[in-house]
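# Reading the structure
Residues per chain are reported as follows:
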Amino acid sequence: MKKSEIEERTKELILPILEEQKLELWDVEYVKEGKDMYLRAYIDKPEGVSIDDCVAVSRALESRMDEEDFIPDAYILEVSSPGLTRPLKKTVDFTRSIGKLIEVKTYQPVDGRKEFEAVLTYGDDDRITIEQDGNSIEIDRSNLAKARLCYVEKED
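Read on for a plain summary of the structure. Please read these numbers as outputs of a predicted model, since none were measured by experiment.

### A look at the environment of Glu-7
Residue position: Glu-7 is located in helix H1 (residues 3-20). Residue class for Glu-7 comes out buried when judged on its relative accessible area of 12%. Taking the C-alpha atoms as reference points, Glu-7 and Ala-41, 34 residues apart in sequence, are found 9.2 Å from one another. In this structure, Glu-7 is in contact with Val-28, Glu-29 and Tyr-30, ignoring residues within four places of it in sequence. In this structure the side chain of Glu-7 is engaged in a polar contact, spanning 2.9 Å, whose partner is the backbone nitrogen of Tyr-30.

Structure representation (C-alpha cells):
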C-alpha cells in the first residue's frame with residue numbers, strides 16, 4: 001500500500017472519532033525515521049488539545065486500525081497537537097493563519113531571498129501574500145519549501 005493511501009485511509013478512520021469529540025484534524029503523515037515507521041495524526045481545537053484528548057483519540061484510532069489492519073508493516077502510532085510552530089500545508093491552514101507571523105522558506109528566490117519571517121495577509125490554493133517591513137510579497141504555493149507559524153510570546 002502506498003504512503004498516500006495509508007494516510008488517506010487513516011484520515012477516513014479518524015475523522016468520525018474527531019467529530020464525536022469536537023476536535024479537528026490538522027494532518028496525518030506516514031513517515032520513516034531511522035528504522036521505524038511512524039503514523040502520526042495531528043489534532044487540534046480552538047482552545048488547544050490536552051493530553052487526555054490525544055490519549056482518547058489514540059485509543060479509539062488504534063482500535064479501528066487493528067480492526068482494519070491495512071498497513072502490512074509494523075509502525076508506531078502517535079496522536080498529538082501540531083504544536084505552536086505548526087506547519088502550514090493546506091489552504092485552510094493558511095486562511096486560518098491570516099494575520100499571524102509565519103516563517104517561510106522557498107525553493108526559488110523571491111525578491112532575492114529564500115527565507116522570510118513575515119505576517120501572512122492572504123492565502124489560497126495558488127499563492128500566499130506576506131507583509132514584511134511594509135512590503136507586500138506574493139509567493140506561489142508551488143515555490144513553498146516550508147511554511148509554519150512562528151512562536152510569539154505573549155506580553156502581560
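The structure having been displayed, the exposition proceeds.
### Let's talk about the packing of H1 against helix H2 (residues 51-68)
Packing of H1 against H2 leaves a shortest axis separation of 10 Å and a crossing angle of 135 degrees. In terms of their interaxial angle, H1 and H2 are classed as oblique. Judged by the twist between their axes, the crossing of H1 over H2 is right-handed. Taken together, the residues of H2 that come into contact with H1 (itself represented by Arg-9, Thr-10, Leu-13, Ile-14, Pro-16, Ile-17 and Leu-18) are Val-57, Ala-60, Leu-61, Arg-64, Met-65 and Glu-68.

Scoring rules and cut-offs
- Residues numbered from 1 in each chain as written.
- Predicted model: local features only at pLDDT ≥ 70, side-chain atom pairs only at ≥ 80, totals over all residues.
- Heavy atoms only, no water.
- Helix = DSSP H or I, 4+ residues; strand = E, 2+ residues; numbered from the N terminus.
- Buried < 20%, exposed > 50% of the residue type's maximum accessible area, 1.4 Å probe, protein only.
- Contact = heavy atoms within 4.5 Å.
- Polar contact = N/O pair within 3.5 Å; in protein donor to acceptor, adjacent residues only side chain to side chain.
- Axes fitted to C-alpha atoms, helices over the stretch in contact; angles between N-to-C directions.
- Parallel < 35°, antiparallel > 145°, perpendicular 65-115°, else oblique.
- Left-handed = near helix turned anticlockwise from the far one by under 90°.

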